[in-house]
Amino acid sequence: MPEIQDLIKKYTSLLGKCFQGDSDIKTLKTFTPVMKVLCQCKEDVSSASCRYGLRPCPVCWGDPKDPVCLPCDHVFCQSCITQCLISAEMLCPYCLVSLPNDYTLAVSKQLSGIITKYSKFREFCNSFFIDLVSTMCFKDNEPPEKAVIQELLNLLFARKEVVRGCQTETGKPSMHTKPLSPFDDVVDKTPVIRSVVLKLLLKYSFSDVKAYMQDYLSQVEKWILDEDDKTELYTLFVNCLEDSMCEKSGVFTEETKTTFLREDGRFLANFSQWSSQGAPQEASVEYLQGVARIRMCLDRAAELLYTLHGTANGSKDEKLYLQRVMQFCSQNNWYKIYLVRKITNQYGMEFTQSFSSKREYHWIFPRETIQQVLKHQPGQMDQFLVWGKNYKMIRDALGKAMIEGHMKSVEAALEVKPFSLTGTVVFDWPENRPLFIL
């Protein structure tokens with residue numbers, strides 16, 4: 001973007017001055033002016049790109065798609081403004097300026113091109129900011145000041161006023177999630193909990209950041225009511241926690257492997273006693289950390305089952321660990337289902353099927369599955385058990401396609417949700433508490 005080169009040079013110089021007095025961005029004293037310089041740079045580029053500056057669509061708070069500029073110079077997505085305008089009351093939903101009765105909406109191709117360029121510039125700024133946070137705020141294996149941590153978490157949300165004509169039932173300002181960015185203009189159209197900050201914080205002392213993560217989780221849970229959004233929230237937390245544990249465990253030696261087997265075996269026994277008292281009313285970080293560790297334990301069990309299958313060479317600790325896993329899985333079929341899906345994902349359906357014909361491995365499967373296999377389909381595995389609701393969705397779509405003679409139903413099914421083995425949260429109804437994440 002040659003037209004803004006001078007502005008970039010100006011703010012690059014100002015950014016350098018922010019580090020002259022104190023170059024440690026881990027401190028709020030340095031972090032705050034860096035944020036201000038980036039925000040001011042973005043605002044000046046916005047003003048230079050368009051006479052009245054570039055702003056997100058006041059309805060969806062995203063970059064205007066097929067932008068329509070009203071006579072009052074407020075820009076909307078074509079679809080958003082079409083929904084808001086009423087023929088008997090032609091007003092700008094944002095400033096309430098009257099529009100001519102014969103006014104027709106026209107998409108501005110020139111403005112569309114400008115918005116595309118501006119969006120790319122904002123992405124460059126966001127990438128720079130994330131690199132700065134990743135490399136400077138967390139360098140030397142030390143997290144930043146508590147005030148900086150709080151600022152980073154606050155950057156994931158933006159409070160937006162609801163425009164007239166597109167109000168919710170309450171008419172109150174709404175809270176939105178957004179990318180990790182110093183800018184709060186463009187937000188996510190659906191709640192998406194970003195993992196960058198969480199993963200960075202979890203690389204360090206869990207006890208130091210646990211309180212911040214708990215506040216973050218509690219705060220977001222109050223805003224998210226939809227079941228799919230909660231699924232995304234819990235899944236992200238568990239995945240981040242599990243990744244953190246894997247990074248800390250590192251490469252196993254025979255000695256450390258034995259130590260981990262013993263510790264994980266004790267954890268499963270203790271978790272069984274704790275979970276028997278019921279899941280917490282509110283999802284706590286400790287509870288989700290427990291779920292993440294359960295997944296790691298079951299992953300290790302899947303690896304051992306593959307390694308020891310058909311042999312008697314397992315060590316005493318390995319065999320004891322599998323016994324602990326067997327006892328643990330007997331409490332809840334969802335643990336078994338996770339284990340079956342993990343084995344299938346890692347080692348294939350044929351390997352999973354081989355367990356169903358051997359009595360000593362029947363504990364891996366839900367009782368109903370073994371009864372079905374033995375009675376109706378010897379040697380065949382229940383596809384729904386292994387692949388879940390995605391399998392049923394694709395299976396039904398294929399059946400419909402064969403009957404109707406075209407593939408539209410299959411294409412529609414594939415567009416709904418990616419075919420995945422993960423990302424399913426099992427809730428404890430009716431309390432709606434997370435019980436397990438597949």
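A. Inspection of the nonpolar core at higher detail. Core analysis: the largest hydrophobic core is formed by 81 residues, its most contacted members being Leu305 and Ile364. Top contributing element to this core by residue count: helix α10 (residues 285-308), with 14 residues. The contacts of Leu305, once residues within four sequence positions are left out, are Leu322, Leu339, Ile343, Phe351, Phe355, Tyr361, Trp363 and Ile364. Core analysis: the next-biggest nonpolar cluster, separate from the first, contains 13 residues, Cys72, Cys80, Met90 and Cys92 among them.

B. Structural detail: the environment of Cys69. Topologically, Cys69 is positioned in strand β1 (residues 67-69). The exposure class of Cys69 is partly exposed, given its relative accessible area of 33%. Distance from Cys69 to Ala106, taken between C-alpha atoms, is 7.8 Å for residues 37 residues apart in sequence. Residues contacting Cys69, with those up to four places away along its chain left out, are His74, Val75, Tyr103 and Leu111.

C. Region of the structure containing the pattern of salt bridges. Evaluated as defined, the whole model comprises nine salt bridges. A salt bridge links Arg293 to Asp264, with the shortest nitrogen-to-oxygen separation between them at 2.9 Å. On the criterion of sequence distance, the pair formed by Arg293 in helix α10 and Asp264 in helix α9 (residues 254-275) is long-range, its members being 29 residues apart. Accessibility expressed as a relative area gives 26% for Arg293, which makes it partly exposed. Between Asp299 and Lys342 there is a salt bridge, with the nearest N and O atoms lying 3.9 Å from each other. On the criterion of sequence distance, the pair formed by Asp299 in helix α10 and Lys342 in helix α12 (residues 333-347) is long-range, its members being 43 residues apart. For Asp299, a relative accessible area of 18% puts it in the buried group. Here Lys342 falls in the partly exposed class, since its relative accessible area comes to 22%. When salt bridges with common partners are traced through the structure, they connect Lys42, Glu43 and Arg55 into a single cluster.

D. Just the packing of aromatic side chains, in detail. On inspection of all chains with the given rule, the structure shows 10 aromatic pairs. Each ring, one from Phe267 and one from Phe271, has its centre 5.6 Å from the other, and the planes form 40 degrees; the classification is tilted. Residue Phe267 and its partner Phe271 are located together in helix α9, separated by four residues, close to a single helical turn. Accessibility assignment for this pair places Phe267 and Phe271 in one class, buried. An aromatic cluster is built from Phe267, Phe271, Tyr287, Phe328 and Tyr335, whose rings are joined through pairwise contacts.

Thresholds applied
- Residues numbered from 1 in each chain as written.
- Predicted model: local features only at pLDDT ≥ 70, side-chain atom pairs only at ≥ 80, totals over all residues.
- Heavy atoms only, no water.
- Core = buried A, V, L, I, M, F, W, Y, C linked by side-chain atoms within 4.5 Å.
- Buried < 20%, exposed > 50% of the residue type's maximum accessible area, 1.4 Å probe, protein only.
- Helix = DSSP H or I, 4+ residues; strand = E, 2+ residues; numbered from the N terminus.
- Contact = heavy atoms within 4.5 Å.
- Salt bridge = Lys/Arg side-chain N within 4 Å of Asp/Glu carboxyl O.
- Phe/Tyr/Trp six-rings, centres within 6.5 Å; stacked < 30°, edge-to-face > 60°.

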